[in-house]
Amino acid sequence: MYWRRNSIYYRASLMLMLLGAGLLIAGSARASDLVSQTPYDAKAAFLANTAPLFTSPLPVFGPGYNAALPRVNATAHPYLTVKMVEFNQQVMPASLGFGKARLWGYETLDSTTGKVLAPPIWPGVTVEAKRNKPTVITYQNDLPSFNPGNPNGPGLVQGLITSDPTIHWANPLDPTSAPVRFPATMADMMKHNPCMETPTATFTDPYTKATIKCNQPFTGPQPTVPHLHGAEIPSYYDGGPDGWFTPTGIDGPGYSTFNALDGGAKGTGYTKGPLASTSYRKNLAKQSFIAKPGTNQATYIYDNAQEPGTLWFHDHGLGITRTNVSSGLEAFYFIRQPAREPQKLPAGAYEIEMAIQDRQFDSKGQLYFPDGYNNGTVLAGCGTGVNDPCLNGPPPNPAIHPFWIPESIGDVAVVNGAPWPVLKVEPRRYLFRLLDGANARMWNLTFGDAAKGESLPPVYVVGNDDNYLDAPAPVSTLLIAPGQRDYVIVDFSKVPFGSNVTLTNDAPVPYPGGLSPVPYTLAGMQQPADQPQMHYIMRFQVTVPLKGKKDTSCNPTVACKRPTPLVSLNTVTKGGVKVDKHREVTLKEFEGIGQFGNPGGPAEVLVQNTKWDGLVSPGIGKDFPVDGISELPQQGAIEEWDIVNLTIDAHPMHTHLVQFQILNRQSFDTDGTLTNPTKPGGGYIGYLNPTTGAVVLGAWAKAFYPSGTTFDSTGAPSNPPECNGLSYVNPDHAAFNPCPAYGPPLSYLVANGDGAIGGNPAVGPYLVGSPTAPSAYEA
């Protein structure tokens, strides 16, 4: 399958401007509604030259003199137990008075012997597997719940990082009922959440019969489900958002585990993976730790049959992925096969994985994660820029979800769980496997700070995500998005011995128009950096003498190539390879209602304008009445997907179970100003005239209105949109954004003018300029 992603439409956002102003944090603010915290102001510390830049050593996994912990060898230990536990770790420096942070993390044991192979640490210790050698992991949820009577005891993390139970999430309180879906209308939203009508009420949970207080953060049994990000495996073992399980044995509707009794109550032991044969499964069923899965466990078989590369596993619970990962539940997973990898890559002590993240901390060194504060006075100051307590802004839709913040922005750069760390290196080539593990931040990385007079070493990308490139791609900067991995060779022999090489970042957050770590121009005026401390990630000190007479690793200028080249779909499609299906897929964002009558923030981003379950969207349900699943690529098929981003931000796209290649990117005319600049015609999206209030509908919105619709002088339609007779209410202008969550406006299975199915009007007539091929480093 290959993927053509159309480039992204950006526009100015008032929310981002407010965020840019709101950087001062009041000492009385509370990130958690359950635990009193005083925030650590990293920007103020940086400006006062007291921030802990380049003082903490980088934690390193694997062999070598600078390794913190050895990686877990899954070939020697094919049966692993990975426990999810709460633990303490020194993150912010003790020398500055910070205590240890309470975190969640992965502890890894040999399932057959019980021997601990890796203690819990953030991020978790890397697992190394060999291609075509299966790994069996039994994941065990041992996470404690918050105890208000002992708030600093076991369960503190759940109190620090709030889960909002009003959203569509992995709700362990009532798993027998249908999942709570994000309603179609604001009125429906009130009906789905009884607390919205009476915020101070209590009600009886139908499953547990417990008395539930309205608008309280969740403090019950914590749901988790690990997902091996980038794995080509059967969906049984993918760790999908509905496959969660709790320490108390409550399972989500999609829960699955290997079971000695195929098809038993705990899921299925059957897999069509190429290595999990009947004999393999029967032998596996004899293992005592597999035969009867624990109530707080799920056992997954990873065939490791895909090409060698860099994967990672992290929590994927529905509605709580961002909070569970922010708590520390992430780790690298390598698949090795020397014969299919570039030969003589830097290895041993010279191969280092790095998870790059941003976080906030409090004055004690604990994680500081924003929520609703449950304090109207504090909320009123969010975004004002005057002693602003909300770096991330207020909860964007507090009338709907009182604690939910969909994406968080940190003010401390963290690599492998250490703030702004330092690594001493030899004057030679290193292979760094980089992961963007941030919640919302994209990084644009440069090895070396030329503004400080540092020499810049040569940098080559040799692979990204799950695979290696045909040949190294030299880069001066590297843009990396959440969930993405890049493998880079950095040659420190090309800088003076004894010098520093600082890893820097200049990407705004949200990308591309949010808080800037470097000075920028706004409305023709030069502005100082919003987050100057986030310009710095870590530092390399070239101060360790070269071990051995010379560096024997491959030279990326002439070698370090794949033994077998990739099949480039950019090339073969020109030769007439048959595309089995062409789909055009949209991303559409809808806004909620904000605090104090202000506009809200993003309430949901919908693929194909469709909810979690397609059957909730009549526009999908009419074409797929059985299960509401619209995207059904067949194994072995080649599909072309055009992703049309109708939102204002960049969105990295991640598919499960398969790999894809980028064909190209291309801009499209959003409002009609590019195709007809003298008389805007609405383009593909349309626009709202800020002066007159006139609505100019684009092709996508127009497609929702009946044939023959007439429009008044303001551009508003005289007919209601075709939403199957349902009344849809949206805080955005109803004409401009009709039928939120209804589904695509046209028949899904009828090809449009571009020859693409998906139910969207053709974007082809609105494309601008020529397609841009992917850069060499992302091929």
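Criteria and thresholds
- Residues numbered from 1 in each chain as written.
- Predicted model: local features only at pLDDT ≥ 70, side-chain atom pairs only at ≥ 80, totals over all residues.
- Heavy atoms only, no water.
- Helix = DSSP H or I, 4+ residues; strand = E, 2+ residues; numbered from the N terminus.
- Buried < 20%, exposed > 50% of the residue type's maximum accessible area, 1.4 Å probe, protein only.
- Contact = heavy atoms within 4.5 Å.
- Areas by Shrake-Rupley, 256 points an atom, 1.4 Å probe, with all protein chains shown as cover.
- Core = buried A, V, L, I, M, F, W, Y, C linked by side-chain atoms within 4.5 Å.
- Pairing = 2+ DSSP bridges.
- Axes fitted to C-alpha atoms, helices over the stretch in contact; angles between N-to-C directions.
- Disulfide = S-S within 2.5 Å.
- Salt bridge = Lys/Arg side-chain N within 4 Å of Asp/Glu carboxyl O.
- Polar contact = N/O pair within 3.5 Å; in protein donor to acceptor, adjacent residues only side chain to side chain.
- Phe/Tyr/Trp six-rings, centres within 6.5 Å; stacked < 30°, edge-to-face > 60°.
- Lys NZ or Arg CZ within 6 Å of the ring centre and 35° of its normal.

Tell me about the overall build of the protein chain, and name the residues and values.
Of regular secondary structure, the protein chain possesses 12 helices and 34 strands. Burial status across the protein chain gives 58% buried among its 779 residues. Excluding contacts between residues fewer than 6 apart, the proportion of contacts in the protein chain whose partners are at least 24 apart in sequence is 73%. Carbon and sulfur atoms make up 56% of the accessible area of the protein chain, which amounts to about 30500 Å² in all.

So what about the nonpolar core? Which residues, and what values?
Judged by nonpolar contacts, the single largest core of 61 residues is most densely connected at Met-354, Leu-423, Phe-432, Leu-434, Phe-447 and Phe-540. Counting residues per element, this core draws most heavily on strand S27 (residues 536-542), which supplies 5 residues. When sequence neighbours within four positions are dropped, the list of residues in contact with Leu-434 reads Met-354, Ile-356, Leu-445, Phe-447, Leu-478, Ile-480, Gln-484, Arg-485, Asp-486 and Val-488.

Got a sec to walk through the sheet that holds strand S11 (residues 297-302)? Specific residues and values, please.
The strand order S5-S4-S3-S7-S11 describes an open sheet built from 5 strands, whose pairing is mixed. Looking at the sheet topology across the chains shown, the edges are occupied by strand S5 (116-121) and S11. Strand-to-strand, the axes of this sheet are offset by a mean angle of 25 degrees, without reference to chain direction.

Residues and numbers for the state of the cysteines, please.
A complete count under the given rule lists 2 disulfides for this structure. Across a sulfur-sulfur distance of 2.1 Å, Cys-554 and Cys-560 are joined as a disulfide pair. Residues Cys-554 and Cys-560 are joined through a disulfide that is right-handed, its torsion about the S-S bond being 110 degrees. Neither Cys-554 nor Cys-560 differs from the other in exposure class; each is buried. One disulfide in the model links Cys-723 with Cys-739; its S-S distance is 1.7 Å.

Any chance you could break down the pattern of salt bridges for me, citing the residues and the numbers?
Side-chain pairs of opposite charge can arise where the charged atoms are in close proximity. Here the structure, examined in full by the defined rule, presents 22 salt bridges. The partner of Arg-71 in a salt bridge is Glu-353, with the nearest N and O atoms 2.8 Å apart. Placement of the pair is Arg-71 in the loop between helix H2 (42-47) and strand S2 (72-73) and Glu-353 in strand S14 (residues 351-359), with a sequence separation of 282 residues. Residue Arg-71 is classed as buried on the basis of its relative accessible area, which comes to 11%. Here Glu-604 ties to Lys-611 by a salt bridge, and the two come within 3.4 Å at their closest N and O atoms. Taken individually, Glu-604 and Lys-611 each receive the classification buried, so the pair is uniform in this respect. One salt-bridge network, held together by shared partners, links Arg-71, Glu-128, Arg-336, Glu-351, Glu-353 and Arg-433.

Let's hear about the side chain of Gln-37: which residues, and what values?
Position of Gln-37 among the secondary structure elements: in the loop between helix H1 (14-21) and H2. A distance of 2.9 Å separates a polar side-chain atom of Gln-37 from the backbone oxygen of Leu-367.

Before we move on, can you summarise the packing of aromatic side chains with the specific residues and values?
We describe a pair of aromatic rings using the distance from one ring centre to the other and the angle between the two ring planes. In total, this model carries 26 aromatic pairs according to the counting rule given. Centroid distance Phe-245 to Tyr-255: 5.9 Å. Interplanar angle 70 degrees. Geometry classified as edge-to-face. Remark: Tyr-255 occurs in the loop between strand S10 (226-229) and helix H6 (278-285) and Phe-245 occurs in the loop between S10 and H6; sequence separation between them is 10 residues. Of the residues examined, Phe-245 reaches a relative accessible area of 0% and is grouped as buried. You can call Tyr-255 buried: its relative accessible area is 11%. Note that Arg-428 overlies the ring of Tyr-350, its terminal NZ or CZ placed 3.6 Å from the centroid. The aromatic ring of Tyr-487 is capped on one face by Arg-433, whose charged end is 4.9 Å from the ring centroid.

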